[in-house]
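Structure assessment
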Amino acid sequence: MSEIPVISGRECVKALEKLGFYFKRQQGSHIVMRRDDPFAQIVVPDYKTLDRGTLRSIIRQTGIRVDEFINLI
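Below or above, wherever it landed, is the structure these notes cover. As the structure is a computational prediction, the values presented were derived from the model and not from experiment. (Residues numbered from 1 in each chain as written. Predicted model: local features only at pLDDT ≥ 70, side-chain atom pairs only at ≥ 80, totals over all residues. Heavy atoms only, no water.)

1. Thoughts on the pairing of strand β2 (residues 30–35)
- In terms of burial, β2 is a largely internal element, five of the six residues being buried.
- Bridge count between strand β1 (residues 22–27) and β2: five bridges; the pairing is antiparallel. Each bridged residue has a counterpart across the sheet, and for Arg 25 the counterpart in β2 is Val 32.
- Two successive antiparallel strands, β1 and β2, enclose a turn made up of two residues, where Gly 28 displays a positive phi of approximately 65°.
- As paired strands, β2 and strand β3 (residues 40–45) are joined by six bridges and run antiparallel to one another. Each bridged residue has a counterpart across the sheet, and for His 30 the counterpart in β3 is Pro 45.
- Between β2 and β3, which pair antiparallel in sequence order, lie four residues. (Buried < 20%, exposed > 50% of the residue type's maximum accessible area, 1.4 Å probe, protein only. Helix = DSSP H or I, 4+ residues; strand = E, 2+ residues; numbered from the N terminus. Pairing = 2+ DSSP bridges.)

Spelled out as structure tokens, the structure:
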């Protein structure tokens, strides 16, 4: 398993857009991304650096592996 990188919330949003997610809404510093088929909704904090545990949770919700996510960055 690859090591989780340290990235910003905006970099995470750009990677999610490559997976078919789109911007749904934003409340404060939390960006809600949505994918319709198959349905998934993910909340990404708009921070300068995401904690590794938070990023791992986001990756897990997308249904892909860590190394696949790293290739999208």
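2. Quick notes on the environment of Gly 28
- With respect to the element layout, Gly 28 can be found in the loop between β1 and β2.
- Along the sequence, Gly 28 and Val 43 sit 15 residues apart, while their C-alpha atoms lie 12 Å from each other.

3. Considering the environment of Phe 21
- Residue placement: Phe 21 occurs in the loop between α1 (9–18) and β1.
- Placed 42 residues apart in sequence, Phe 21 and Gly 63 show a C-alpha to C-alpha distance of 13 Å.

4. As for the nonpolar core
- One finds Cys 12, Leu 16, Met 33, Val 44, Leu 55, Ile 58 and Phe 69 to be the most contacted residues of the largest nonpolar core, which totals 19 residues.
- At four residues, the largest contribution of residues to this core is made by α1.
- Beyond its immediate sequence surroundings of up to four residues, Leu 16 is in contact with Phe 21, Met 33, Ile 42, Val 44, Ile 58, Thr 62 and Phe 69. (Core = buried A, V, L, I, M, F, W, Y, C linked by side-chain atoms within 4.5 Å. Contact = heavy atoms within 4.5 Å.)

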